[in-house]
Amino acid sequence: MKTPAPTYTCSTVLILLMLLAALQATTARENDIDIYSLTVDSKVSSRFAHTVVTSRVVNRADTVKEAIFQMELPKKAFITNFSMIIDDVTYPGNIKEKAAAQEQYSRAVARGQSAGLVKATGRKMEQFQVSVSVAPAAKITFELVYEELLKRQLGVYELLLKVQPQQLVKHLQMDIHIFEPQGISLLETESTFMTKELANALTISQNKTKAHIRFKPSLTQQQKSPEQQDTVLDGNFIVRYDVNRPVSGGSIQIENGYFVHYFAPEGLPTMPKNVVFVIDKSGSMSGRKIQQTREALIKILDDLRPNDQFNLVVFSKEATQWKPSLVPASAQNVKEAKSYAASIQALGGTNINDAMMMAVKLLDSSNKEELLPAGSVSLIILLTDGDPTEGETNPAKIQKNVREAIYGQYSLFCLGFGFDVSYAFLEKMALDNGGLARRIYEDSDSALQLQDFYQEVANPLLTGVAFEYPSNAVEKVTQENFRLFFKGSEMVVAGKLRDQSSDVLSAKVSGRVHKQNFTFQTESNVAEQEEEFRSPKYIFHNFMERLWAYLTIQQLLEQIISASDAERPALENQALSLSLNYSFVTPLTSMVVTKPEGQEQSQVAEKPKEDGRSGTGAATLLGSRVPPNTFPSHSPASRQRPQSRHPQTPRSPISLMRKLKPGLLAPLIHCTYVVLGPPQHPTLSLPPAHSACPRTFAPAFPALIQAPHVILPLPGQSMDQLCVDIRHSQGLMNLLLDPHQGVEVTGQFEKTQFSWIEVTFKNPQVQVRVSPEHVVVTRNQRSSAYKWKETLFSVMPGLKMTMDKTGLLLLSGPEKVTIGLLSWEGSGVGLRLLLRDTDRFSSHISGTLGQFYQDVLWKPPEAEDNKRTLRVQGTDHPATRELKLDYQEGPPGTEISCWSVEL
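Residues numbered from 1 in each chain as written. Predicted model: local features only at pLDDT ≥ 70, side-chain atom pairs only at ≥ 80, totals over all residues. Heavy atoms only, no water.

Engineer: Could you give me a rundown of the overall build of the protein chain, with the residues and numbers involved?
Structural biologist: For the protein chain, the count of helices and strands is 15 helices and 51 strands. Out of the 903 residues in the protein chain, the part that is buried amounts to 55%. Of all intrachain contacts in the protein chain linking residues separated by at least 6 positions in sequence, the fraction that spans at least 24 positions is 67%. Surface summary for the protein chain: the accessible area is close to 40,000 Å², and the carbon and sulfur share equals 50%. (Helix = DSSP H or I, 4+ residues; strand = E, 2+ residues; numbered from the N terminus. Buried < 20%, exposed > 50% of the residue type's maximum accessible area, 1.4 Å probe, protein only. Contact = heavy atoms within 4.5 Å. Areas by Shrake-Rupley, 256 points an atom, 1.4 Å probe, with all protein chains shown as cover.)

Engineer: Mind laying out the pattern of salt bridges, listing which residues take part and the relevant values?
Structural biologist: Pairing between side chains becomes possible if they bear opposite charge and their charged atoms approach one another. Counted according to the given criterion, the structure contains 41 salt bridges. The partner of arginine 534 in a salt bridge is glutamate 531, with the nearest N and O atoms 2.8 Å apart. Between glutamate 882 and lysine 884 there is a salt bridge; the shortest N-O distance is 3.5 Å. (Salt bridge = Lys/Arg side-chain N within 4 Å of Asp/Glu carboxyl O.)

Engineer: Break down the state of the cysteines for me, citing the residues and quoting the values.
Structural biologist: Structurally, a disulfide amounts to a covalent bond that connects the sulfur atoms of two cysteines. A complete count under the given rule lists one disulfide for this structure. Cysteine 723 shares a disulfide with cysteine 898; S-S distance 2.1 Å. Where cysteine 723 bonds to cysteine 898 through sulfur, the torsion about that S-S bond is close to -120°, and the disulfide is left-handed. In this pair, cysteine 723 sits in strand E36 (residues 722–725) while cysteine 898 sits in strand E51 (residues 894–902), placing the two residues 175 residues apart along the sequence. Neither residue differs from the other here; cysteine 723 and cysteine 898 are each classed as buried. (Disulfide = S-S within 2.5 Å.)

Engineer: How would you sum up the sheet that holds strand E39 (residues 753–761)? Please name residues and give values.
Structural biologist: Strands sit in the order E37-E38-E39-E40-E41-E42 across an open sheet of six strands; the sheet is antiparallel. At either margin of the open sheet sits one strand with a lone partner, and together these are strand E37 (731–738) and strand E42 (782–787). The sheet shows a mean angle of 15° between the axes of neighbouring strands, direction not considered. With seven bridges joining them, E37 and strand E38 (residues 743–750) adopt antiparallel strand pairing. Looking across to E38, one finds that leucine 737 is bridged to glutamate 744. Across the face of the sheet, helix H10 (residues 446–457) comes into contact with strand E41 (774–779) and E42 while running at roughly 165° to E42. (Pairing = 2+ DSSP bridges. Axes fitted to C-alpha atoms, helices over the stretch in contact; angles between N-to-C directions.)

Engineer: Run through helix H9 (residues 423–432), naming residues and quoting values.
Structural biologist: Three or four residues apart is the spacing at which side chains of an α-helix point the same way, because the helix has 3.6 residues per turn. Burial of H9 is extensive: eight of the ten residues sit out of reach of the surface. Listed as buried for H9 are Tyr423, Phe425, Leu426, Lys428, Met429, Ala430, Leu431 and Asp432. Those residues of H9 hidden inside the fold are in contact with helix H7 (352–368), strand E20 (377–384), helix H8 (395–406), strand E21 (411–417), strand E22 (437–440) and helix H12 (543–562). After H9 finishes, the residue glycine 434 shows a positive phi value of roughly 70°.

Engineer: Break down the packing of aromatic side chains for me, citing the residues and quoting the values.
Structural biologist: Throughout the structure, instances matching the rule amount to 34 aromatic pairs. A centroid spacing of 5.2 Å and a plane angle of 25° characterise the contact between phenylalanine 69 and phenylalanine 142, whose relative ring orientation is stacked. With phenylalanine 69 in strand E3 (residues 65–74) and phenylalanine 142 in strand E7 (residues 139–149), this pair connects stretches of sequence that are 73 residues apart. With relative accessibility at 0%, the residue phenylalanine 69 sits in the buried group. Accessibility expressed as a relative area gives 0% for phenylalanine 142, which makes it buried. With a centroid separation of 6.2 Å and 45° between ring planes, the pair formed by phenylalanine 277 and tyrosine 454 is classed as tilted. Taken as a pair, phenylalanine 277 in strand E16 (residues 273–280) and tyrosine 454 in helix H10 lie far apart in primary sequence, 177 residues in all. For the pair phenylalanine 277 and tyrosine 454, one class covers both residues: buried. (Phe/Tyr/Trp six-rings, centres within 6.5 Å; stacked < 30°, edge-to-face > 60°.)

The values reported here are purely geometric and, on their own, carry no functional implication.
Given below as structure tokens:
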């Protein structure tokens, strides 16, 4: 019996479309605060970045309007200055001790004024926001300055800039200048908003020691479409780079009486490690958290080296160890551990103390029995998502127990999963024991965050690293002794030269590799270094003194966390003095922003803390909370945006309809469209031509035509494209391998579709793995996850990755075959693969799909016109002429006639 076709009404859809158009027009009229200029100037000199954001706005309304300046900046950065210029009068931000700023804030509140302290935290960014009333036709210039020392992680430095003007800007320009005397060895850019049009506004120039990246889009390039006045600029712009390294592994640079010593030796063997993973499996870890933890742990266990030793401790109400002692990371032991990890289930309380004591005892017993290899490194990695609720529950007591048990022998790294955990508790425990703490954000890529952290500590190269300088040559030196040095990182020491120092500054760095003591010698000519930094316009001067102050403050703040009550005041005073002297907004200082007479007289900007109790990175006012993403990142605006709804939550049709005038609804409300056919492939019945209902509504679904798994253009063939469907193969498939191209494509085929496809490039070394859920790009052991239909534009030497809003991911490069990947949601849902520029394949191409580029021959036509035989490397493949859905330009796809082959 034939199932009746379902009927749908499309009135609501049409109402929504009309509503959105009406609201956009209204927004354009109301937004009378116009940003006519927005510039970002970032100068990176020897890893130290000085960024100036300047926004110029004008009030085009006839009444007073409110302009909001908002900017996101990296967490590790310190704001150094903010000012507003109104009617040629400058209103500066004054940096004060936190207590003094708090007193000023309290006085303003007592007068009934709103003196908002605005702060926000996210994964890597913090928000800064100031609002001010603007008279009709008045212009305001906002200027924000912040500085940071770029930290080397997994082999690269990263400069992250947020671009969110929220409107078209007549003059928009970003300039990034990088100067590295050691020489730039790698330079990559990535953007989450770049389109083909915007890519033409990006220019990159580079020589041996410097690079200049300019982004200057026109108004037309910024527009989403010619019909829309909305901007496409909304996301991150990232620059990653690395530098050349001398044989000694160190480089000393000198400017204006200050020096900085960078140390990252190359070519050292990785030391064996003894690692105990301590995994929280309490009830709060149930669901997605424990699933992602299992996934990450299985991948991490795969990355252990054969000469490593390891064990697992899992805990809830009680702690349990996987094996009685540490075991070698043999193939069999790793296999068993992965099976054990896959079976971990979440249930019960949180007994952190007993779990940590068990982990330390495992290392202690192996150490006592002399089972830890000489020259090896011992690590404990703790992952938890909550506060202790079982056994010893006093955080201070647990910290004391762990510190006394470890006794300086092992390094502890604490990972806090989500925002329910007390991050301050974990951070102190880690810093007390020579490690560090990291928050794992509860998101779709949590497993990747865990894997990336492990990669940072997976390859210890040196222990007991000490820097030595002639005592008569330097003073005010930052931290000189380090417990561990890991591959892909860098140690930085800065200081001041004495007035009577010699012409050459020498340094000695000592450390231990395996069973051997190593010494590295470095020296630098003072006069030559001073000259190198003196003249260039693309650096900001006296930066090295500020770098020294920045690094000193950061290290003092860490020492404060683990200091005793008696030691803490002196450290705080020292850090406060430096913060005030160099105008840094740190956790010990605040910046008071003054305003014209008659307005809110002060707003106070502070450095937010990673305390884990502030929700999911919300913007927080003193005494009140603002939901996340309430405002755009950089938005002068004439009104506040709705605060009661998450930005991704659509309003109901009813609430939207209430916003429209009754006249707008009348012609739409009775227009009904009927959808015929099965839900997977419906067709649309339109109203009669004489009807008053609009007829521009197009069918939302293609006809019942399947999209093939792969579409192959065959170079040198007169035949049409080849549509390949996989029917008889299952499991892991080697799809393409071309050693001359340096590319390999593999995939896992299950039932009717690919569960994943992986593309590996040899040069540059990049791995792109896609699943129906997301795209994961791994470069320099660093993994980044992207959602399908999330704009991506990444340029690195020899490879470009782009993805637009249709979700089509293209991997291309000079003289490379272009590989396309897509998570197809139409007919025949699943991952899709496409190829372009296939004439670039070499004669050594192989694989399930690669075979079609080797010895391909069409046999003479058969009796039926729609049937042919394709001979590939001696094997005959029947081919049938069929209609297929071409997905190569992204959804919704188009019909094509192609020769269909099944494998």
